[in-house]
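# Structural characterization, general
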Amino acid sequence: MKYQEWIEQVPPEIKQDPLWQTTVYRQALFVGDLAWHDIEKLAKDRRMLSLSDQLYRAAGSISANISEGYSRASGRDQARYYEYALGSTRELRDWYFKARHVLGPDVFNHRIGLIAEIAKQLVRMVPKYRGDKIEEMPSLYDTRPSGTSADQSLTEETPNHAPDIVDPRTTHYALSESALESGVVPRRGDTVMVAGDGCWMIDAEGKRYLDMTAGQGVAMLGYGHPVLSAAIAEQAQTLHACPSFFYNDVRARFLEKLIEVTPNHLGHVFLANSGAEANDGAIKFARLATGRTKIIATKNGFHGRTVGAVSLTWNPKYREQFGPLLPDVEHVAYGNLQEFENAVDDQTAAVFIEAVQGEGGVNLATPEYWAGVERICREHGALLVFDEVQTGFRTGRWFAHQHFGLHPDIITVAKGLGGGFPMAAIVYTGQIQESLFSGAHGSTFGGSPLACAAGLAALETYQNDGLIERAGVMGDLIRQKLETVLEGRRMVREIRGLGLMIGIDLRSKVAPFLKALMDEHNVIALPAGTTVLRLLPPLIISEEEVDIAVNAIAAVIPA
């Protein structure tokens, strides 16, 4: 329905209300009527029942709060209800975003345009009625062409609002996050990512970026994968939370699948939420199982940022402000077997190590080194713990330590375990299981049915689609293409990696090259240390997408 058609159908008694003269109120009523029609379509899909109710409540709340604010005598009271209306507007925008696949792009684009117009009006009204200055509040939500009136902007059924996803003005979202969040994570400019499609991320202006990082190594299946999305949606409508003191069907099936793809000698699992949490738990398990406290980790290793995990992490920038950290942790050079042998003794509880160092520079060690590491651990009764948080599922084997024929006592897994849904696991031997007791460890959210549904879907897809083996093939392809296009370039020291975990070691800082890739070629990559350009693409990356990334890298690295 078009706005002017709707106006003509509004009963006269409503138009006689003085509030009717307020443009934003008319807009809110219009959106409320449209939402009523939209929920009829949503309600036909069982998975959308709850969402449709929330969507309609948010739509109705906008006009209700505007009306309440209008009736208030105090300007600050008015402003407060207009703030409530603005909050409902933002909430409605989010509900429409979640319903976009059911409603279709035309309806979705139209509704988002209307919502953006309402929000734009309210953003200006709040400081006006509070008495604040509004010079700094222009057009944060404005999606209309310059010179178009508020009502005129509503007359088209499907206005061409970029990016056809959400409000194209990114300013508000970037400012909100920077003002409200901690700020401890550096951002890449003001880019606001709002959607994903396969190996591509899409920002609030509709610009597409080839994501060669898989969201920091987690989105192994890319974005919007139908199997993963369907599993999460179905489980969310069935049972999204279940404490670990109850058994659960989907958790049991996930555990069975995880053990199926894990080396045979690792038969027990503790489920957690992140790599750092898994490593923290592994420290406890190792100390409990051995009765020792000393832990060996490696220089340039990265194991997380909780107090326990950062005690294992070597880089001083992550550690030095947070001491005292865990005692009895010693760091040795990665790949140096003699230094490793000198450090491990009969007081060592465990060795924590990455099969390929990720954050530290995509560093690899030799098969001889790995054979020596396992031998030395066995000689001293120290547990061998492989941090597979980043390496799991992406090196051409299920786990990277399998390339070297090793038999760790514990592995920690996260990132790709849930295909991007937050989850992690500690997987360990029966000997360690014997040392554990009820209450030795716990996690409120660990092993939730929602996480396990995602994990089960991810593992089955990796297995059924041959993606583990494909990671090795595609990784070889990327390195070969990079070696060809970058051959002879003095800026490049080395190209190294294992499977779809690749590092380009440069002779200068990597940050300018990452910026050029994103700004000039719409390709996202990661640093690994200060000089290494790191690639962690989704397992589903195509040869055409490989060529896009390789050509972009060749374009930004000077000959």
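This text goes with the structure placed above it.
Everything in this summary refers to the structure shown in the same document. (Residues numbered from 1 in each chain as written. Predicted model: local features only at pLDDT ≥ 70, side-chain atom pairs only at ≥ 80, totals over all residues. Heavy atoms only, no water.)

### A short note on the pattern of salt bridges
Opposite charge on two side chains allows them to pair when their charged atoms are near. Using the criterion set out here, one finds 20 salt bridges in the structure. Linking Asp94 and Arg93 is a salt bridge whose minimum nitrogen-to-oxygen distance equals 3.4 Å. Residue Asp94 is classed as partly exposed on the basis of its relative accessible area, which comes to 37%. Take Arg93: its relative accessible area is 11%, and that puts it in the buried class. Across the salt bridge formed by Asp476 and Arg479, the nearest N and O atoms sit 2.5 Å from each other. (Salt bridge = Lys/Arg side-chain N within 4 Å of Asp/Glu carboxyl O. Buried < 20%, exposed > 50% of the residue type's maximum accessible area, 1.4 Å probe, protein only.)

### Notes on the sheet that holds strand β16 (residues 526-528)
Judged by pairing direction, the sheet is antiparallel, and its four strands sit side by side in the order β13-β14-β17-β16 without closing on themselves. Edge positions in the sheet fall to β13 (492-497) and β16, since each of these pairs with one other strand and no more. Averaged over all pairs of adjacent strands, the angle between strand axes in this sheet comes to 30°, irrespective of strand direction. When β13 meets strand β14 (residues 502-506), the two strands line up antiparallel, connected through five bridges. Looking at β14, one finds that Val492 is bridged to Leu506. Against the sheet, helix α19 (residues 467-486) engages β13, β14 and β17 (532-535), with an angle of about 170° to β13. (Pairing = 2+ DSSP bridges. Helix = DSSP H or I, 4+ residues; strand = E, 2+ residues; numbered from the N terminus. Axes fitted to C-alpha atoms, helices over the stretch in contact; angles between N-to-C directions. Contact = heavy atoms within 4.5 Å.)

### So, the sheet that holds strand β15 (residues 523-524)
Taken in spatial order, the four strands make up an open sheet running β1-β2-β3-β15, and their pairing is mixed. Where the open sheet ends on each side, the last strands, each with one partner, are β1 (193-197) and β15. Across two bridges, the pairing between strand β3 (residues 208-211) and β15 is parallel. Looking across to β15, one finds that Asp211 is bridged to Ile524. Seen against the sheet, helix α21 (residues 543-556) touches β2 (200-203), β3 and β15 and runs at an angle of roughly 95° to β3.

### Observations regarding the packing of helix α3 (residues 23-42) against helix α4 (residues 49-70)
Running from N to C, α3 and α4 point in directions that differ by 165°, and their axes come no closer than 9 Å. It follows that α3 is roughly antiparallel to α4 by the angle criterion. Of the two elements, α3 crosses α4, and the hand of that crossing is left-handed. Contact with α3, carried on its side by Val24, Tyr25, Ala28, Leu29, Gly32, Ala35, Trp36, Ile39 and Leu42, involves Leu51, Ser52, Leu55, Tyr56, Ala59, Ile62, Ser63, Ile66 and Ser67 of α4 and no other residues of that element. Residue composition of the contact of α3 with α4, grouped by class: 14 nonpolar, four polar and no charged. (Parallel < 35°, antiparallel > 145°, perpendicular 65-115°, else oblique. Left-handed = near helix turned anticlockwise from the far one by under 90°. Nonpolar A, V, L, I, M, F, W, Y, C, P; charged D, E, K, R; others polar.)

### Observations regarding the environment of Ser435
Looking at the secondary structure, you find Ser435 in helix α17 (residues 430-435). Considering only alpha carbons, one finds Ser435 and Phe285, 150 residues apart in sequence, at a separation of 8.2 Å. When neighbours within four sequence positions are excluded, Ser435 is seen to be in contact with Leu288 and Ala289. A polar atom in the side chain of Ser435 sits 2.7 Å from the backbone oxygen of Ile432. (Polar contact = N/O pair within 3.5 Å; in protein donor to acceptor, adjacent residues only side chain to side chain.)

### Side note on the pairing of β17
Of the two faces of β17, the one carrying Val532 and Arg534 and the one carrying Leu533 and Leu535 are both buried. Two strands pair when backbone bridges link them, and β14 and β17 are joined in this way by four bridges, in the antiparallel orientation. From the neighbouring strand, Ile502 faces β17, where its bridge partner is Leu535. As paired elements, β16 and β17 share three bridges and run antiparallel to each other. Residue pairing across strands places Pro527 opposite Leu533, the latter belonging to β17. Counting the residues that bridge the hairpin from β16 to β17 gives three residues, and of these Gly529 lies at a positive phi of roughly 75°.

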